[in-house]
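Given next are the chains, with one letter for each unit.
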Amino acid sequence: MISKNFLKSSFIYTVIGALPLASGFILLPFYTNFLDTSDFGVLAIYISFTLLIQILINFGFDTYIGTHFFEYKNNAEKLREYIGTVMVSLLIIGAFFIVLSLLAGKSSFGMIFGEGEINFFPYGFMSVLTAICNGFFKTYSGLLINQQRAVRFFWVNIFNFILT
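Let me sum up the structure you'll find in this document.

Each value, and the rule that gives it
- Residues numbered from 1 in each chain as written.
- Predicted model: local features only at pLDDT ≥ 70, side-chain atom pairs only at ≥ 80, totals over all residues.
- Heavy atoms only, no water.
- Helix = DSSP H or I, 4+ residues; strand = E, 2+ residues; numbered from the N terminus.
- Buried < 20%, exposed > 50% of the residue type's maximum accessible area, 1.4 Å probe, protein only.
- Contact = heavy atoms within 4.5 Å.
- Areas by Shrake-Rupley, 256 points an atom, 1.4 Å probe, with all protein chains shown as cover.
- Axes fitted to C-alpha atoms, helices over the stretch in contact; angles between N-to-C directions.
- Parallel < 35°, antiparallel > 145°, perpendicular 65-115°, else oblique.
- Nonpolar A, V, L, I, M, F, W, Y, C, P; charged D, E, K, R; others polar.
- Expected span 1.5 Å × (residues − 1).
- Phe/Tyr/Trp six-rings, centres within 6.5 Å; stacked < 30°, edge-to-face > 60°.
- Polar contact = N/O pair within 3.5 Å; in protein donor to acceptor, adjacent residues only side chain to side chain.
- Bend = angle between axes of the 7 residues up to and from the residue.

## Brief notes about the overall build of the protein chain
Of the regular secondary structure elements, the protein chain holds 6 helices and 0 strands. If you list the helices and strands of the protein chain from N to C, you get α-α-α-α-α-α. In terms of overall dimensions, the protein chain has C-alpha extents of about 60 × 35 × 20 Å along its principal axes. Taking all 164 residues of the protein chain together, 31% fall into the buried category. Of the contacts formed within the protein chain by residues at least 6 apart in sequence, a portion of 71% connects residues at least 24 apart. Accessible surface, the protein chain as shown: approximately 10,700 Å² in total, 70% of it carbon and sulfur.

Laid out in structure tokens, this is it:
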């Protein structure tokens, strides 16, 4: 027999876990109704840049943390060390991308897009910061799923959805 707790957790992981992804769909009418075509195109470029940087920053840690969580599940000290190593690695990679973007962001955007509407400061840099935060979020969400902490997963995803 399927327990109520199983159904509740499955609902949270499925529906609430989809909220950060659904935010773009929910915001689409506002984008299309209140932005002209060129502004919508610029927004799409910044969102694409955010997703590209998020992939590079996350470096697969969101999947990696779940895989090795079960390896160290019965050894609390090793598990804490492992999770700490993943988080420190994410911080180091994030700091590297912040420094790299501060040094090369403006010139890179200038070479790619020329001088026009698409500038690195402030929106390109905000895209880098958003990518770092979303990389942490994805990794932490994956860890919460593996730890079977549905209530915390619920609140973390609601918070991310509201921020978005």
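## Some details on the packing of helix H1 (residues 4–34) against helix H6 (residues 150–163)
The interhelical angle for the contact between H1 and H6, taken along N-to-C directions, is 10°, at an axis separation of 9 Å. In terms of orientation, H1 and H6 fall into the roughly parallel class. Where H1 abuts H6, its residues Ser9, Ile12, Tyr13, Ile16, Gly17, Leu19, Pro20, Ser23 and Ile26 lie against Ala150, Phe153, Phe154, Asn157, Ile158, Asn160 and Phe161. Residue composition of the contact of H1 with H6, grouped by class: 11 nonpolar, 5 polar and no charged.

## Some remarks on helix H5 (residues 120–147)
Taking 1.5 Å per residue as the helical rise, H5 with its 28 residues ought to reach 40 Å, and the 39 Å between its terminal C-alpha atoms agrees with that figure. Gln148, located one to two residues past H5, shows a positive phi value of around 55°.

## Things to note about the packing of aromatic side chains
Overall, the coordinates contain 17 aromatic pairs when judged by the stated rule. Both rings, one in Phe59 and one in Phe61, keep their centres 6.4 Å apart while their planes meet at 45°; by these two values the pair is tilted. An aromatic cluster is built from Tyr46, Phe49, Phe109, Phe113, Phe120, Phe121, Tyr123 and Phe125, whose rings are joined through pairwise contacts.

## Topic: the environment of Thr85
By the secondary structure assignment, Thr85 is in helix H4 (residues 76–113). Looking at Thr85, its side chain comes within polar contact range of the main-chain oxygen of Glu81, at 2.8 Å.

## Observations regarding H1
For H1, spanning 31 residues, the distance from its first C-alpha to its last is 43 Å, which sits close to the expected 45 Å at 1.5 Å a residue. Where H1 bends most, the angle comes to about 55°, and this point is Pro20. Three or more residues of H1 are buried, namely Ser9, Ile12, Ile16, Leu19 and Ser23.

## Description of unusual backbone geometry
Backbone torsion omega between Phe121 and Pro122 reads 0°, so that peptide bond is classified as cis. Relative to the helices and strands, Pro122 resides in helix H5. Within the chain, Phe59 stands out as a residue other than glycine whose phi angle is a positive 55°. Its place among the elements puts Phe59 in the loop between helix H2 (37–58) and helix H3 (61–69). A relative accessible area of 63% means that Phe59 is categorised as exposed. Its identity is not glycine, yet Gln148 carries a phi of approximately 55°, on the positive side. Residue position: Gln148 is located in the loop between H5 and H6. Residue classification places Gln148 among the exposed residues on the basis of a relative accessible area of 66%.

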